[in-house]
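Descriptive analysis of the structure
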Amino acid sequence: MLAENYRVIAAHVAPARVMPILKANAYGHGLVDVARVVERLGAPAIGVAYLEEGLRLRQHGIRLPVLVLGGILGSQIPRFLEHDLTLTASSVDKLRAVDEHAAALGRTATVHLKVDTGMERIGIHWYTAEKLLEASLRCRHVRVEGIFTHFASADAPDLSHARLQLERFHEVLRFYEQRSVPTPLRHAANSGAILTMPDSYLDLVRPGILFYGVRPSAEVPATLPVRQALSWITRVVFFKVVKAGNPVSYGCTWVAPADTRVVTLPVGYGDGYARAMSGRAEVAIGGKRYPVVGRICMDQIMIAIGRDSAYNGDEVVLLGRQGDATISIEEMAGWAGTITHEILTSINTRVPRVYRGTT
Ligand SMILES: *Cc1c(COP(=O)(O)O)cnc(C)c1O
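Residues numbered from 1 in each chain as written. Predicted model: local features only at pLDDT ≥ 70, side-chain atom pairs only at ≥ 80, totals over all residues. Heavy atoms only, no water.

**Things to note about the overall build of the chain**
This is how it is decided: The helix count covers DSSP runs of H or I at least four residues long, the strand count covers runs of E at least two residues long, and both are numbered beginning at the N terminus. Any residue under 20% of the maximum accessible area for its type is buried, any over 50% is exposed, and the rest in between are partly exposed; the area is computed with a 1.4 Å probe on protein chains only. Residue contacts follow a heavy-atom distance rule, with two residues in contact if any of their heavy atoms lie within 4.5 Å. Methods summary: accessible areas were calculated by the Shrake-Rupley approach with a probe of 1.4 Å, and residue burial reflects only the protein chains presented. All tallies of charge rest on Lys and Arg as positive and Asp and Glu as negative; His and the ends of each chain are not included. Where a charge sits is defined by one atom per residue type, namely NZ (Lys), CZ (Arg), CG (Asp) or CD (Glu).
When helices and strands are tallied, the chain shows 11 helices and 19 strands. Its C-alpha atoms put the chain at 80 × 40 × 35 Å along the principal axes. Among the 359 residues that make up the chain, the fraction classed as buried is 50%. Considering only contacts in the chain between residues 6 or more positions apart, those separated by 24 or more positions represent 64%. Split by element, the accessible area of the chain, about 16300 Å² in all, is 50% carbon and sulfur. Here the chain carries 40 positive and 34 negative side-chain charges, and the mean point of each set is 4 Å from the other.

Here it is as C-alpha cells:
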C-alpha cells in the first residue's frame, strides 16, 4: 500500500520528485521498515524531524540521503557530518557553525536552507532571507543542496495564506537568478499542498500523512486515490455477561441497561488508544461495529456486544476494515478531538508492527 501511495503521488507531482517524511516513527508505521520500502522505491531522499531519527536510519544501514527538517543544536553538528545526514540551516549563525565544524573535520556539509514565509516556526524570515543566501555562497565547506519553506495552512479551505507564502518564497528565490547562481532544489509542498496547490510542487514535494494514505484534514478534497496503509488489530481476551444495573470500568461511568455480553480487549491508552475516546469509540468484531463502554484503561477496553457472540481469540479491528465495517483514522481523530497525524503518531512502540506486501 505504501508503495502504491508513493507511485500515485509521484505520478501526480511529476516532474517534481517525492521525498517521503518518516518522522515520529514514520507516522507510527515503523521508521526503519518504512525506510527500507522507500529505498526500494527509488525515492531521492527521506525527511525526518530529529538528528536521532537520522542516526537510527544510518545504524540500520539505510544509505539514502536523509534530510533532518528540524532545528539543530551546535553540539549536534559533528554527528550530522559523521553520519552524512543533511542539515537544515535556519539562520546565518547556524550556517556558519556548520561551515566551521565541517572545516575542522575536513568534510563538506550538505545543507538545505530554511526560509520562514509565514509559519513562524523555524527558518530565516523571508524579508531577511537574502542574508542567509548570501552567506551560503561564501561558505567553503557547505554544499547547499536545497532550499525550502513550510505552509501553515495548505490543508484549509481558504488557501490565501498558503498562496502568500508561496509568493514570498518565489521572491526569495529570485536571488539566484539575479546573481546567475544555480538554484538549489526548491521544496515547499506538504500533503495539504500536494492536494490543493499544484503550483507549489517545484522540484521536490514532502508528503507525510498522504504517503500513509490519509488526508491531512477533512477540509481538503480527496483528489488522489491513496489508501490507508495501516490497520490496528487486536483480539478478544475475555468474555462475560454484565448484569443489568452493573457499572463497567474506572469511575463507573457506564452502567449496563440490560444483561449485556461484554468482551475485553488488550489495548488501552498506554498503547495510544486515547482515553479521551471513552464513551465515543467503536470497534469492529465479525464485520460489525460495537461501542467501547466505560472508561478506556491503560491496557484494556471493554466492548458491549449486546446479544451477539464473540469468542476469545476473535480478531477485532480498531482501525481499518473488517467485512462491511470500516473505522477510518479520520473518524478516530473525531472521537479523540484531534487530527489524523496525532492518531497515527500516538500508536506507540508497545504495539507490534506487522508488514504485509508493502512493495
Ligand atoms: C511534518 C512535515 C511535513 C509533512 O507534513 P504532512 O502534513 O504530514 O504532509 C513536511 N514538511 C515539514 C517541514 C514537516 O515538518
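Don't stop here, the text continues.
**Some words on the domain arrangement of the chain**
The condition is simple: Those domain boundaries reflect an automatic or database domain assignment. Once two parts are joined, some of their accessible surface, as seen by a 1.4 Å probe, is lost; buried area is that loss totalled over both. The salt bridge definition used is simple: a Lys or Arg side-chain nitrogen within 4 Å of an Asp or Glu carboxyl oxygen. Distance and chemistry together define a polar contact, namely a pair of N or O atoms within 3.5 Å, with one atom able to donate a hydrogen and the other to accept it when in protein, and with adjacent residues in sequence counting only for side-chain atoms on both sides. Throughout, the ten residues Ala, Val, Leu, Ile, Met, Phe, Trp, Tyr, Cys and Pro are labelled nonpolar, Asp, Glu, Lys and Arg are labelled charged, and all others, Gly among them, are labelled polar.
You can read the domains of the chain as domain 1 (2-212) and domain 2 (232-345). Taking only C-alpha atoms into account, the centre of domain 1 sits 39 Å from that of domain 2. Across the boundary between the two partners, domain 1 contributes five residues, which contact four residues of domain 2. Buried surface at the junction of domain 1 and domain 2, both sides included, amounts to about 430 Å², of which 80% is carbon and sulfur. Of all residues in domain 1, Ala24, Tyr27 and Ile209 bury the most surface against domain 2, accounting for 76% of the area lost on that side. At the junction of domain 1 and domain 2, the tally comes to zero salt bridges. One can count zero residue pairs in polar contact (both at pLDDT 80 or more) joining domain 1 with domain 2. Looking at the side of domain 1 that touches domain 2 residue by residue, the classes come out as three nonpolar, two polar and no charged.

**What about the site of the ligand?**
Note the following rule: Think of it this way: one heavy atom of a residue within 4 Å of a molecule or strand is enough to make that residue near it. In this analysis, the protein atoms alone were mapped onto a 1 Å grid. Cavities are point sets where a 1.4 Å probe fits without being able to get out; pockets are open sets with protein on both sides within 12 Å along at least five of seven lines; lining residues have an atom within 4 Å of a point. Being in a pocket or cavity means that more than half of the molecule's atoms lie within 2 Å of its grid points.
Residues in close proximity to the ligand total 13 residues, the closest being Lys23, Tyr27, Ser191, Arg206 and Ile209. In the model, an oxygen atom of the ligand is placed 2.6 Å from a nitrogen or oxygen of the Lys23 side chain. Between Tyr27 and the ligand, the recorded distance is 2.5 Å, taken from a side-chain N or O atom to an oxygen atom. For the ligand, the cavity whose grid points lie within 2 Å of the majority of its atoms is the second largest pocket.

**Let's talk about the layout of surface pockets**
Note the cut-off: Grid points are joined across faces, edges and corners, and a volume is the space filled by probe spheres set on the points.
When its volume is computed, the largest pocket comes out at roughly 800 Å³. Forming the boundary of the largest pocket are 26 residues, of which Ser231, Trp232, Pro352, Arg353 and Val354 lie nearest the centre. It is strand 10 (residues 232-235) that provides the largest number of residues to the lining of the largest pocket, a total of four residues. Broken down by class, the residue content of the lining of the largest pocket amounts to 13 nonpolar, six polar and seven charged. Counted as a void, the second largest pocket has a volume near 690 Å³.

**Section: the side chain of Gln322**
Among the structural elements, Gln322 can be located in strand 18 (residues 315-322). A polar atom in the side chain of Gln322 sits 3.0 Å from the backbone nitrogen of Gly287.

**What to know about the pattern of salt bridges**
Evaluation of the coordinates by the stated rule reveals 12 salt bridges. With its nearest N and O atoms 3.5 Å apart, the salt bridge here joins Arg143 to Glu145. Note that Asp299 and Arg350 form a salt bridge whose closest N and O atoms lie 3.1 Å from each other. With Asp299 in the loop between strand 16 (288-293) and strand 17 (301-306) and Arg350 in the segment after helix 11 (340-346), the pair connects residues that are 51 residues apart, well separated along the chain. Here the residues in one salt-bridge network are Glu130, Glu134, Arg138 and Arg179, joined through shared partners.

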